[in-house]
Amino acid sequence: MKFMKLGSRPDTFYTFEAVRSVSSEVSSDLIIEVKGSRYLLHKFPLLSKCLRLQRLCSESTESSSHQLVQLPDFPGGVEAFELCAKFCYGITITLCAYNIVPARCAAEYLQMTEDVEKGNLIYKIEVFFNSCILQGWKDSIVTLQSTSAFPLSSEDLGITSRCIESIASKVFTHPSKVSLSHSPSRRLRDNVSCNGAESQRHNQAIKGWWAEDIAELGIELYWRTMIAIKSSGRVPSNLIGDALKIYASRWLPNISHIDGSVYKQKVSDSDSDSDSAIKINSKHRLLLESIVSLLPGEKGAVSCSFLLKLIKASNILNDASSSKIELARRVGLQLEEARVSDLLIPSLSYKNDTLYDVDIVLTILEEFMLQGQSPPTSPPRSKLGFERRRSRSAENIDFKLQGSRRSSSASHRSKLKGAKLVDGYLREIARDVNLPLSKFIAVAESIPEFSRLDHDDLYRAIDIYLKAHPDLNKKERKRLCRILDCKKLSMDACMHAAQNEFLPLRVVVQVLFFEQARATMNGGKVTELPSKIKALLAANGIDPSRPTAPLSTTTTSIPADDQRSVSGLKSPYSRTSTLKMKLAEDDDLDMNDMNPDGIGRSSKFKALCAIPTQPKRMFSKLMSVNRNPSEKK
């Protein structure tokens, strides 16, 4: 770090009875009071260099031997004044990045200009500031930090703006060409590979070498510095995003492992109305809004995980500003990059008792579904046997069409990833006992049907929700299960659903039939279905004369707490017993569950299916194709 020494005399200042004096053969004749501290000094060395003291002494009418001058608003306090006084006496002083700002403000206050004496303090400070401080990287940052104690004076003297310009100009250069005045950051050193070669990650770290250093600045100075860096247009947007991530992790509260209910309890137990808490929250809100305003506009400049962490911080700080909506919009543009844990945003609003903020996720999903509209249809080919020579504009149109198709294809892939993400999110929030059914269904239906290649994960989420909400009535369970497509369930999921006593009867019957139909098609056998099953299919809007569509065979592991014994499912008798239990439950349906034509749901279903008094025989016949030869005997 650069420094400059002025003067050659030894320090002769001393303290006696709370008064600072200087050793001299000449008796003192001037008393200067600076913020409660008194200095017993001499007029000649001070007035010869300080125009302000000259005017104050000339305006004073005191006739005593010790003239008193009061400086209550002196910038920098007693330290800065004593530094200026020592310069006037020729005592050695040291200037560096840590004290140059208060020294410059104090010299300006005392009017130590060239008009009073050549080579005065202001001139020497300016030479040192321009030739040394602004040329060094660390010196510029430290000096800029110190301006926060003197914001108005630093602005008037141009210290703040010059430091920002110096820092921004050095960001564009390689660190080897910058006078760092310190060893490279740990982040840059750790990215060197074992054999000494620089990897791509190390090269990226070299380009963003400046991010950790400027992260020490306060939010106002940091915001102005980042604006200067962005306005140049020479720094890639991804480096801007990395720098903002470093700054947020440095100053924002730790939000990675905060549970909503725990945080609510902590807030309620503490005095949230205290002045300190209000001041801290206001500071963090300003910081969050400033970071959001600095986010690059390009998609992918910042990771989706980082954006979601900012939303979590917004919830923790109870920030109701528009920055939260802007963050949700940006997350929707790249939601396929997120993980389930990223979407588990704690709900810290006292308006609801849910564990997670589902409303903001719905906003994100709404924006996500607006991305990537359906691809335009291909232009019709020419009816002639040859292709005419096209104009350049037509070629440009074709190029745009091809780009649109590629974009749509990428959007389709992102929708598939988004469906997996949403189903995983549903499995997590389904455990919340306070989650309303309407919100669960809204999240599930936010993804289009084509994006779910199978419904296994969705079924598990529904199963978890049913277990966590045993008080749901039959109508609500039916409403929940309408979002499930039994044709898209794998064999394992069907086996699990066949014995799930939480599912409505109609869903179990559909599962059993589609499993039977799939087994028939996979076995290469096309058997005539019973008339009662045909009627049941017709009642569900399925044409029994058409073959069942091929089902997805994708299987995923079922958690241990969701596993059920499937040994009995290989036997049709266990299936029949489950169905008989379900039919018995259906007999107890409420009479209020009526169709528009006035016919009760239970009676209409039974009339349509015409289940005989001995259903065991019919379903044994229905499931016979699944038996092995030993079971059939």
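Residues numbered from 1 in each chain as written. Predicted model: local features only at pLDDT ≥ 70, side-chain atom pairs only at ≥ 80, totals over all residues. Heavy atoms only, no water.

Visitor: Would you mind going over the pairing of strand β6 (residues 67–70) with me for this structure?
Guide: Sheet faces and side chains relate simply in a regular strand, where the side chains alternate between the two faces. The alternating pattern of β6 places Q67 and V69 on a buried face and L68 and Q70 on a face that is not buried. Bridge analysis of strand β4 (residues 30–34) against β6 gives four bridges, and the strand direction is parallel. Looking across to β6, one finds that I31 is bridged to L68. (Buried < 20%, exposed > 50% of the residue type's maximum accessible area, 1.4 Å probe, protein only. Helix = DSSP H or I, 4+ residues; strand = E, 2+ residues; numbered from the N terminus. Pairing = 2+ DSSP bridges.)

Visitor: Explanation requested: the sheet that holds β4 in the structure shown.
Guide: Hydrogen bonds between backbone groups are what pair the strands of a sheet, and the pairing can be parallel or antiparallel. Pairing in this open sheet of five strands is mixed, and the strands run β2-β3-β5-β4-β6 from one edge to the other. Looking along the sheet, the strands with just one partner apiece sit at the ends: β2 (13–16) and β6. Taken pair by pair, the neighbouring strands of this sheet meet at an average axis angle of 25°, ignoring direction. Sitting on the sheet, helix α2 (residues 51–59) is in contact with β4 and β6, with an inclination near 125° to β6. (Axes fitted to C-alpha atoms, helices over the stretch in contact; angles between N-to-C directions. Contact = heavy atoms within 4.5 Å.)

Visitor: Explain the pattern of salt bridges here, please?
Guide: Once the charged atoms of two side chains with opposite charge are near each other, the side chains can pair. One pass over the full model with this rule turns up 22 salt bridges. A salt bridge links D454 to K420, with the shortest nitrogen-to-oxygen separation between them at 3.9 Å. One end of the pair, D454, is in the loop between α21 (437–445) and α22 (456–468); the other, K420, is in helix α20 (residues 392–429), and 34 residues separate them in sequence. By relative accessible area, K420 is classed as partly exposed at 43%. Here K467 ties to D463 by a salt bridge, and the two come within 3.2 Å at their closest N and O atoms. In this pair, K467 and D463 both sit in helix α22, four residues apart, roughly one turn of the helix. (Salt bridge = Lys/Arg side-chain N within 4 Å of Asp/Glu carboxyl O.)

Visitor: Can you help me understand the packing of helix α4 (residues 100–110) against helix α5 (residues 121–133) in this one?
Guide: Between two packed helices, what matters for the description is the angle formed by their axes and the separation of those axes. It is the contact of α4 with α5, at a shortest axis distance of 9 Å, that shows an interaxial angle of 150°. As judged from the angle between their axes, α4 and α5 are roughly antiparallel. Judged by the sense of rotation from one axis to the other, the crossing of α4 with α5 is left-handed. Packed against α4, whose contacting residues are I100, A103, R104, A107 and E108, the element α5 presents L121, I122, I125, E126, F128, F129 and I133 at the interface. Grouping the constituent residues of the contact of α4 with α5 by class yields nine nonpolar, no polar and three charged. (Parallel < 35°, antiparallel > 145°, perpendicular 65-115°, else oblique. Left-handed = near helix turned anticlockwise from the far one by under 90°. Nonpolar A, V, L, I, M, F, W, Y, C, P; charged D, E, K, R; others polar.)

Visitor: Honestly, the environment of D432 in this entry has me stumped. Any pointers?
Guide: On the secondary structure map, D432 appears in the loop between α20 and α21. D432 sits 77 residues away from L355 along the chain, and the two C-alpha atoms are 6.4 Å apart. Here the side chain of D432 touches L355 through a polar contact of 2.7 Å, landing on its backbone nitrogen. (Polar contact = N/O pair within 3.5 Å; in protein donor to acceptor, adjacent residues only side chain to side chain.)

Visitor: Help me understand the packing of aromatic side chains, please; the structure alone is not making it clear to me.
Guide: Centre-to-centre distance and the angle between the planes together describe a pair of aromatic rings. With the rule as written, the count across this model stands at nine aromatic pairs. Relative to Y109, the ring of F74 has its centre 5.1 Å away and its plane inclined at 75°; by these criteria the two rings are edge-to-face. Linking F74 in the loop between β6 and α3 (77–89) with Y109 in helix α4, this pair joins segments that are 35 residues apart in sequence. Comparing F74 with Y109 shows no difference in burial state: the two are buried. Each ring, one from Y222 and one from Y247, has its centre 3.8 Å from the other, and the planes form 10°; the classification is stacked. Separated by 25 residues along the polypeptide, Y222 in helix α12 (residues 219–232) and Y247 in helix α13 (residues 237–251) bring together distant segments of the chain. Looking at Y247, the relative accessible area reads 1%, which means it is buried. An aromatic cluster is built from Y39, F74, F81 and Y109, whose rings are joined through pairwise contacts. Cation over ring: R250 sits above W251, and NZ or CZ is 4.2 Å from the ring centre. (Phe/Tyr/Trp six-rings, centres within 6.5 Å; stacked < 30°, edge-to-face > 60°. Lys NZ or Arg CZ within 6 Å of the ring centre and 35° of its normal.)

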